[in-house]
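Observations on the model geometry
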Amino acid sequence: MLDQIKGLHHVTSLARDAKENNDFFTHKLGLRRVKKTVNFDAPDVYHLYYADEFGTPGSVMTYFPFPDAARGRPGTGEVGVTAFSVPEGTLAFWEQRLVSEGVTGLKRSELFGEQRLTFEGPDGDGFALVETRDDSRAPWTNGGVGSDEAIRGFHSVSMRLQDGGATAELLKFMNYEEIDKAGPVRRFAVKGDSNGADVIDVESLPVLGHARQGAGSVHHVAFAVENRAKQLEVRKALMETGYQVTPVIDRDYFWAIYFRTPGGVLFEVATNEPGFDRDEDTKHLGEALKLPSQHEHLRPYLESHLQPIED
């Protein structure tokens, strides 16, 4: 069992408009943009990171905004809902705030005894705010939401799969244990110490068609390990179990490995090191356009062609 994994690290999704995406997370949800960089494989596309003050693993939502990308089609084989943790008793505040901001798809519900507010992102993205007791993670409070209500980080991700059985076994191998079940949804949580973003829901929907990825779709979900040594241990164990795992890839702010799950969702295992302050002072995270070294020569072109977004 991979006890090196301590919860979620980040979730990466697709969008169609960088400015709209930035406004949604920094103004409507009150998160901090902690990095403004570009896609390693498509440098004419932003890679935007939103999180708490420091970009703490377990709080980081990231986006590739491909201009005018077609909207994705929801279905199985994907993460359907990304949920954030908020303090108990704050959903009324958030419902009022999101309605006033023109956010759509708002709906109150309860799952596993927790109150939640689901809503849509700009591209139909599936989100939820979940009231969580005793979440001690410090929120970012300079985004227009006070400390009593602000998002603490991720609560969970929910995967829609045609058959969740094999993915459930994978999660158990990855240091998760099944802690509850409600209808077609099975809940898993990290065993032992975690970073607070420790829940995965698996929903089996055998008659639902496969998703088509596009704007509003989750591209991959990343799990956190402390350092590169722990990551190599995880990679070796996964490969010995039969998974096709990429070599370690330097993503500037973390090192990453990727593999496809039995249910079709792309998983990443990312290191907590070196962090988002490796090339910017904490006070100024996300302000300047940061480029991977191999794309630095493109700076004049990119600075004139990437869509301007507010700081």
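Residue numbering note: each chain is counted from 1, following its sequence as written. Totals for whole chains, interfaces and linings use every residue, but because this is a predicted model, local features are given only for residues with pLDDT of at least 70 and side-chain atom pairs only at 80 or more, for both listing and counting. Only hydrogens and water are removed before side-chain values are computed, so all heavy atoms of the structure are retained for them.

Brief notes about the UniProt feature "domain: VOC" (unreviewed entry) in the chain
Spelled out, the test is: UniProt positions are given in the numbering used here, feature names are shortened, and annotations may be inferred rather than shown by experiment. Helical segments are the DSSP runs of H or I of at least four residues, strand segments are the runs of E of at least two, and each set is numbered from the N terminus.
Here, UniProt's "domain: VOC" (unreviewed entry) annotation points to residues 7–132 and 153–272. A distance of 16 Å separates the end C-alpha atoms of residues 7–132, which is 17% helix and 44% strand. This span, residues 153–272, is 18% helix and 43% strand, and a straight line between its end C-alpha atoms measures 15 Å.

Here's the deal with the sheet that holds strand S13 (residues 218–225)
Applicable threshold: By definition, two strands form a pair when at least two bridges between them are found by DSSP. Contacts are assigned to residue pairs that have any heavy atoms within 4.5 Å of one another. Each axis is a line fitted through C-alpha atoms, taken for helices only over the stretch in contact, and angles between the N-to-C directions span 0 to 180 degrees.
Pairing is mixed across the open sheet formed by 8 strands, whose spatial order is S2-S3-S4-S1-S13-S16-S15-S14. Two strands bound the open sheet, and with one partner strand each, they are strand S2 (32–38) and strand S14 (249–250). When strand S3 (residues 46–51) meets strand S4 (residues 60–65), the two strands line up antiparallel, connected through 3 bridges. By the bridge assignment, Tyr 50 is partnered in S4 with Met 61. Across the face of the sheet, helix H1 (residues 18–28) comes into contact with strand S1 (8–15), S2, S3 and S4 while running at roughly 5° to S3.

Looking at the nonpolar core
Here is the rule we go by: Put simply, buried Ala, Val, Leu, Ile, Met, Phe, Trp, Tyr and Cys residues joined by side-chain atoms within 4.5 Å make one nonpolar core. Exposure is judged per residue with a 1.4 Å probe applied to protein chains only, and the accessible area is read against the type maximum: over 50% gives exposed, under 20% gives buried, and values in between give partly exposed.
Counting residues in hydrophobic clusters, the biggest one holds 63 residues, and the most contacted among them are Phe 25, Leu 29, Phe 84 and Phe 267. Aside from chain neighbours lying at most four places away, what touches Phe 25 is Gly 30, Leu 31, Tyr 50, Met 61, Tyr 63, Phe 84 and Phe 127. Core analysis: the second largest hydrophobic core is formed by 13 residues, Val 34, Phe 254, Ala 270 and Phe 276 among them.

Looking at the pairing of S13
Within S13, 7 of the 8 residues are buried, which leaves the element mostly enclosed by the surrounding structure. With 5 bridges joining them, S1 and S13 adopt antiparallel strand pairing. When the bridges of S13 are listed, Val 11 appears paired with Val 221. Sheet topology note: the S13/strand S16 (residues 266–274) ladder contains 5 bridges and is parallel. Bridge assignment links Ala 222 to a residue of S16, and that residue is Glu 268.

Things to note about the packing of aromatic side chains
Put simply, the rule reads: Classification of ring pairs rests on two measures: the distance between centres of Phe, Tyr or Trp rings, Trp counted by its six-membered ring, which must be within 6.5 Å, and the angle between planes, read as stacked under 30 degrees, edge-to-face over 60 and tilted in between. Charge over a ring is defined by NZ of Lys or CZ of Arg lying within 6 Å of the ring centre and within 35 degrees of the ring normal.
With the rule as written, the count across this model stands at 17 aromatic pairs. The interplanar angle of 45° and the centroid separation of 5.2 Å between the aromatic rings of Phe 25 and Tyr 63 together place this pair among those described as tilted. Here the residue Phe 25 occupies a position in helix H1, and Tyr 63 occupies one in strand S4, the gap between them amounting to 38 residues. Looking at Phe 25, the relative accessible area reads 0%, which means it is buried. What makes Tyr 63 buried here is its relative accessible area of 1%. Ring geometry for Tyr 176 versus Phe 223: centroids 6.0 Å apart, planes at 80°, classification edge-to-face. Here Tyr 176, found in strand S10 (residues 176–182), pairs with Phe 223, found in strand S13; they are 47 residues apart in sequence, far enough to count as distant. Here Tyr 176 falls in the buried class, since its relative accessible area comes to 1%. By relative accessible area, which is 0% here, Phe 223 ends up buried. A connected cluster of aromatic rings, assembled from ring pairs, spans Phe 24, Phe 25, Tyr 50, Tyr 63, Phe 84, Phe 119, Phe 127 and Phe 154. Sitting over the ring of Trp 255, Arg 228 keeps its end group 4.4 Å from the ring centre.

Quick look at the pattern of salt bridges
Quick reminder of the rule: Salt bridges are defined by distance alone: a side-chain nitrogen of Lys or Arg within 4 Å of a carboxyl oxygen of Asp or Glu.
Counted according to the given criterion, the structure contains 16 salt bridges. Lys 28 serves as the salt-bridge partner of Asp 23, at 2.7 Å between the closest nitrogen and oxygen. The exposure class assigned to Asp 23 is partly exposed, which follows from its relative accessible area of 25%. Lys 28 gets classed as buried once you look at its relative accessible area, which sits at 14%. Of the charged contacts in the structure, one is a salt bridge between Asp 135 and Arg 137, with a shortest N-O distance of 2.8 Å. The exposure classification of Asp 135 matches that of Arg 137, with both residues buried. Within the structure, one salt-bridge network assembled from shared partners comprises Arg 16, Glu 20 and Asp 123.

A closer look at the environment of His 284
The following threshold applies: We define a polar contact as two N or O atoms separated by no more than 3.5 Å, with the added condition that, inside protein, one atom must be a possible hydrogen donor and the other a possible acceptor, whereas residues neighbouring each other in sequence contribute only through side-chain atom pairs.
On the secondary structure map, His 284 appears in the loop between S16 and helix H5 (299–305). Residue His 284 is classed as partly exposed on the basis of its relative accessible area, which comes to 42%. Once the C-alpha coordinates of His 284 and Leu 117 are considered, the two residues, 167 residues apart in sequence, prove to be 32 Å apart. Here the side chain of His 284 touches Glu 287 through a polar contact of 3.1 Å, side chain to side chain.

Remarks on the side chain of Arg 137
Structurally, Arg 137 can be placed in the loop between strand S8 (126–132) and strand S9 (153–161). Reaching out from Arg 137, the side chain makes a polar contact with the backbone oxygen of Gly 58 at a distance of 3.4 Å. At 2.8 Å, the side chain of Arg 137 and the backbone oxygen of Phe 154 are in polar contact. Once residues within four sequence positions are removed from consideration, Arg 137 is found in contact with Gly 58, Ser 85, Arg 152, Gly 153, Phe 154, Asn 195, Gly 196 and Ala 197.

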